[in-house]
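Now for the letters of each chain:
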Amino acid sequence: MLILRQFLIVLAVCLSGEFLNRLLNISIPGNVLGMILLLTLLLTGVIKLEMIDKVTKFLLDHLAFFFIPAGVGILNNVDAIRGQWIPIVTVIIISTILVIVTTGITIQLLKKKESV
Amino acid sequence: MDILDTPYFGLIISIFFFEIGLAIYKKTKITLLNPLLISIVGVVAVLTIFNIDMAYYNQGGNLILFFLGPATVILAVPLYKQISLLKKNFVPIIAGIIVGSITAIVSVIVLTNIFGINDAVAISLVPKSVTTPIGVEISRQIGGIPAITVGAIVLTGILGAVIGPGVCKIFKIKDEVAVGIAIGTASHALGTTKAMELGETQGAMSSLAIGVAGLITVILAPILINML
């Protein structure tokens with residue numbers, strides 16, 4: 001019963017996120033609006049961590065598992081990436097290095113500046 | 001085969017390969033042998049070898065997929081737990097994640113152009129640095145192919161975990177906050193598992209970056225794609 005009740009809270013936040021997405025007609029996905037909403041509710045103390053702790057643990061512990069069907073869906077798209085996987089992997093490698101370097105250096109420079 | 005025409009089939013092979021993946025990862029501790037990657041490869045192998053239609057798998061698969069929504073929303077919880085660390089270094093952290101997220105989006109658009117990768121695939125690679133539930137949503141929003149996005153996200157995550165610490169060392173990124181945010185912004189939860197091994201601050205910062213980078217990319221991706 002407890003888990004169902006906790007799940008109900010999370011589902012209500014999900015539904016509100018979808019509702020906001022349609023109401024405001026913006027390009028931010030309903031799930032992401034739900035995330036912002038939940039963060040707001042936690043910060044304002046309307047929802048306490050222990051009210052959703054069991055469901056949180058279940059969802060976060062199995063996060064990777066929920067992506068299996070989405071990944072398997074790649075089977076329907078082999079034609080789209082056929083013969084392109086080497087450039088795709090190259091793009092991902094270069095881009096990932098660039099992101100790490102630009103992010104890290106920006107933070108390091110700004111932190112030094114703030115502490116001076 | 002009729003026996004496959006149930007939701008149980010997709011559920012069972014997904015859980016089966018995930019358990020195998022977890023066991024392999026725990027035993028070897030090799031980042032490349034990521035449980036999600038092993039599960040995807042395993043399920044794809046079974047479907048291909050036995051020539052099983054995706055529609056059969058999806059009966060169970062769709063049940064699993066449902067949990068992605070609540071899983072995205074619940075990412076607010078780790079973000080909430082890190083909020084004091086964020087407040088302490090607010091400007092550098094937010095500026096760093098914004099710069100990193102812009103770099104991620106722009107570099108993918110420019111590089112896919114240089115390599116002549118077709119548009120639908122190129123667009124699918126744009127959200128590769130953010131966490132999967134948000135990345136899938138962004139992909140849908142900007143007209144990408146979510147399945148390709150998931151593949152790119154998993155690959156990026158594994159890559160960030162494998163090369164992240166080395167890249168930081170080469171470019172003299174030593175500050176613990178900077179290292180954590182850099183790895184988290186570039187390679188979401190999979191990178192974060194590595195950042196946690198580097199230290200408590202790095203891990204906490206990396207997990208903070210997952211949520212913030214996701215939010216910033218949601219806003220910036222459509223804008224930057226329209227501009228370029």
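Residues numbered from 1 in each chain as written. Chains lettered and ligands numbered in written order. Predicted model: local features only at pLDDT ≥ 70, side-chain atom pairs only at ≥ 80, totals over all residues.

(A) Representation of the overall build of chain A within the structure. A tally of regular secondary structure across chain A gives 6 helices and 0 strands. Starting at the N terminus and walking to the C terminus, you meet the elements of chain A as α-α-α-α-α-α. Radius of gyration (C-alpha) of chain A: 20 Å, far over the 13 Å computed for a compact globule of 116 residues. Principal-axis analysis of the C-alpha atoms places the extent of chain A at approximately 55 × 50 × 35 Å. Within chain A, buried positions represent 41% of all 116 residues. (Helix = DSSP H or I, 4+ residues; strand = E, 2+ residues; numbered from the N terminus. Rg over C-alpha atoms; globule rule 2.2 N^0.38 Å. Buried ≥ 20, exposed ≤ 12 C-beta atoms within 10 Å, placed from the backbone.)

(B) Region of the structure containing the interface of chain A and chain B. At the junction of the two partners, chain A supplies 62 residues and chain B supplies 89 residues. When contributions to the side of chain A that touches chain B are tallied by element, the ones reaching two or more residues are helix H1 (2–24), helix H2 (30–43), helix H3 (53–61), helix H4 (68–72), helix H5 (78–81) and helix H6 (85–115) of chain A. A per-element tally of the side of chain A that touches chain B places H6(A) first, with 24 residues. Here the side of chain A that touches chain B is composed, by residue class, of 42 nonpolar, 18 polar and 2 charged. (Contact = placed C-beta atoms within 7 Å. Nonpolar A, V, L, I, M, F, W, Y, C, P; charged D, E, K, R; others polar.)

(C) Structural detail: the domain arrangement of chain B. Residue and element names in this part refer to chain B. According to the domain assignment, chain B consists of domain 1 (2–66) and domain 2 (76–227). Placing a centre on the C-alpha atoms of domain 1 and another on those of domain 2 gives a separation of 26 Å. Taken together, the contact between domain 1 and domain 2 spans 5 residues of the former and 6 residues of the latter. Of the residues contributing to the side of domain 1 that touches domain 2, the split by class is 3 nonpolar, 2 polar and no charged. (Domains from an automatic or database assignment.)

(D) Just the nonpolar core, in detail. Within the largest apolar cluster, 102 residues are counted, with the highest numbers of intra-cluster contacts made by A:Ile68, B:Ala76, B:Leu125, B:Ile181 and B:Ala182. For this core, the element with the highest residue contribution is helix H10 (residues 146–170) of chain B, accounting for 13 residues. (Core = buried A, V, L, I, M, F, W, Y, C linked by C-beta atoms within 7 Å.)

(E) Main features of the domain arrangement of chain A. When the domains of chain A are assigned, the result is domain 1 (1–63) and domain 2 (78–116). Taking only C-alpha atoms into account, the centre of domain 1 of chain A sits 30 Å from that of domain 2 of chain A.

(F) How the structure looks around H2(A). Residue and element names in this part refer to chain A. With 14 residues, H2 should cover 20 Å at 1.5 Å per step; its first-to-last C-alpha distance of 20 Å lies within 8% of that length. The element H2 is largely enclosed, with a buried count of 10 among its 14 residues. Among all positions in H2, only Gly30, Asn31, Val32, Leu33, Gly34, Met35, Leu37, Leu38, Leu39 and Leu42 are buried. Where H2 ends, the next residue or the one after it, Gly45, has phi of about 80 degrees, a positive value. (Expected span 1.5 Å × (residues − 1).)

(G) Geometry of the packing of helix H7 (residues 90–114) of chain B against helix H11 (residues 176–198) of chain B. All names here are of chain B. Where H7 contacts H11, the axes come no closer than 10 Å and their chain directions differ by 35 degrees. Between H7 and H11 the crossing geometry is right-handed. Where H7 approaches H11, its residues Ile93, Gly96, Ile97, Gly100 and Ser101 are matched on the opposing element by Val177, Ile181, Ala182, Thr185 and Ala186. Here the residues of the contact of H7 with H11 are counted per class, giving 6 nonpolar, 4 polar and no charged. (Axes fitted to C-alpha atoms, helices over the stretch in contact; angles between N-to-C directions. Left-handed = near helix turned anticlockwise from the far one by under 90°.)

(H) Summary view of the confidence of the model for chain B. All names here are of chain B. For chain B, the mean per-residue pLDDT works out to 91, and 100% of the residues sit at or above 70. Across chain B, element-level confidence peaks in H7 with a mean pLDDT of 96 and bottoms out in helix H6 (residues 83–88) with 86. Interface confidence for the predicted complex, given as ipTM, is 0.87, next to a pTM of 0.83. (pLDDT = per-residue confidence, 0-100.)

(I) Layout of unusual backbone geometry. Residue and element names in this part refer to chain B. Positive phi values are uncommon outside glycine, yet Lys29 reaches one of about 60 degrees. Locating Lys29 in the fold gives a position in the loop between helix H1 (7–28) and helix H2 (35–49). Note on Lys29: 9 C-beta atoms within 10 Å, which makes it exposed. Positive phi values are uncommon outside glycine, yet His188 reaches one of about 35 degrees. In this structure, His188 sits in helix H11. You can call His188 buried: it has 29 C-beta atoms within 10 Å.

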